[in-house]
Amino acid sequence: MTNFVNVLNEMKEHYQNNINNGVAIPYYPNLVEDSLGLMEATNKYLVADDSELADNSVQSKLNDLQNQAKDLSTNTASTIEEELKKSAKELKDSGNSDSSHSKFKDKLNKIKEDAKKKANDNIEKIFAEAEKIGNTFPVAQNLIIVAAQKISDLINDLFTRLVDYIVKIVSDIIVWIKGAWDSIVSTFNNIKTWILNWFK
């Protein structure tokens, strides 16, 4: 028999390993045998019409979980954006010398490590909440597992996008710094829009 908490812990570990290793490998969880199947649970707990949400606690909790994930992800992106803007301004103001490039690369590495920590912390928060919801609604645990997977994909993909952007900056600081402000604003506006549309 597959245990809900074991599945969540295995999935959480998978996504945290992805983040720690800088990869985005999908995870396909085992379903919980004591829970309703996905089709039956979907028909019972998920509604197509938002006006029906008032009486549906499972759907409401899953929506709250998705909104929490979007908020955490948007906050992470905004924090990284501000750190990059500040670091880029400092680099420009320092005269764009070799020593300032070295300091800038060190700051980018710190930003990347901060992003990794935030992603892992966000995974912890989401899985703790998913476990609470699953314990409250045992027959809907398979739906909660699927929601946790989708949310984890968001957090993992966001981290990968942030790291890819930082790597791109490091690869050619001299060219990048000329249009740094526009690049940062454009990139993070796109990322925030992408986050908002993740669950649609």
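Just above sits the structure.
For the structure given in this document, a descriptive report is provided here. (Residues numbered from 1 in each chain as written. Predicted model: local features only at pLDDT ≥ 70, side-chain atom pairs only at ≥ 80, totals over all residues. Heavy atoms only, no water.)

A word on the overall build of the protein. Scanning the protein from terminus to terminus reveals 7 helices and 0 strands. For the protein, the share of sequence-separated contacts (at least 6 apart) that also reach a separation of at least 24 residues comes to 78%. (Helix = DSSP H or I, 4+ residues; strand = E, 2+ residues; numbered from the N terminus. Contact = heavy atoms within 4.5 Å.)

Moving on, we get to the packing of aromatic side chains. Tallied over the entire structure, the rule returns 4 aromatic pairs. Ring plane angle 25° and centroid distance 5.8 Å describe the contact between F104 and W176, whose orientation is recorded as stacked. Of this pair, F104 sits in helix α4 (residues 98-136) while W176 sits in helix α6 (residues 173-178), and the two are 72 residues apart along the sequence. Given a relative accessible area of 2%, F104 falls into the buried group. By relative accessible area, W176 is classed as buried at 8%. Aromatic pair Y165 and F188: ring centres 6.0 Å apart, planes at 85°, arrangement edge-to-face. Here F188 lies in helix α7 (residues 180-196) and Y165 lies in helix α5 (residues 141-171), a separation of 23 residues in the sequence. Side by side, Y165 and F188 carry an identical accessibility label, which is buried. The ring of W198 has K150 lying over it, and the distance from NZ or CZ to the ring centre is 4.9 Å. (Phe/Tyr/Trp six-rings, centres within 6.5 Å; stacked < 30°, edge-to-face > 60°. Buried < 20%, exposed > 50% of the residue type's maximum accessible area, 1.4 Å probe, protein only. Lys NZ or Arg CZ within 6 Å of the ring centre and 35° of its normal.)

Moving on, we come to helix α3 (residues 57-93). An ideal rise of 1.5 Å per residue puts 54 Å on 37 residues; α3 measures up with 53 Å between its terminal C-alpha atoms. G95 lies just past α3 and shows a positive phi near 95°. (Expected span 1.5 Å × (residues − 1).)

Further remarks concern the pattern of salt bridges. For the structure on display, the rule yields 10 salt bridges. The salt bridge partner of K12 is E124, with a shortest N-O separation of 3.4 Å. Remark: E124 occurs in helix α4 and K12 occurs in helix α1 (residues 4-21); sequence separation between them is 112 residues. The class for K12 is buried, based on a relative accessible area of 18%. The salt bridge involving D121 is made with K117; its shortest N-O contact spans 2.9 Å. Here the residue D121 and the residue K117 both occupy positions in helix α4, the gap between them amounting to 4 residues, near one helical turn. For D121, a relative accessible area of 32% corresponds to the partly exposed category. Since its relative accessible area comes to 53%, K117 is described here as exposed. A cluster of three or more residues bridged by salt bridges with shared partners is formed by E81, E82, K85 and K192. (Salt bridge = Lys/Arg side-chain N within 4 Å of Asp/Glu carboxyl O.)

Fair warning: the whole summary comes from geometry, so function is off the table for now.
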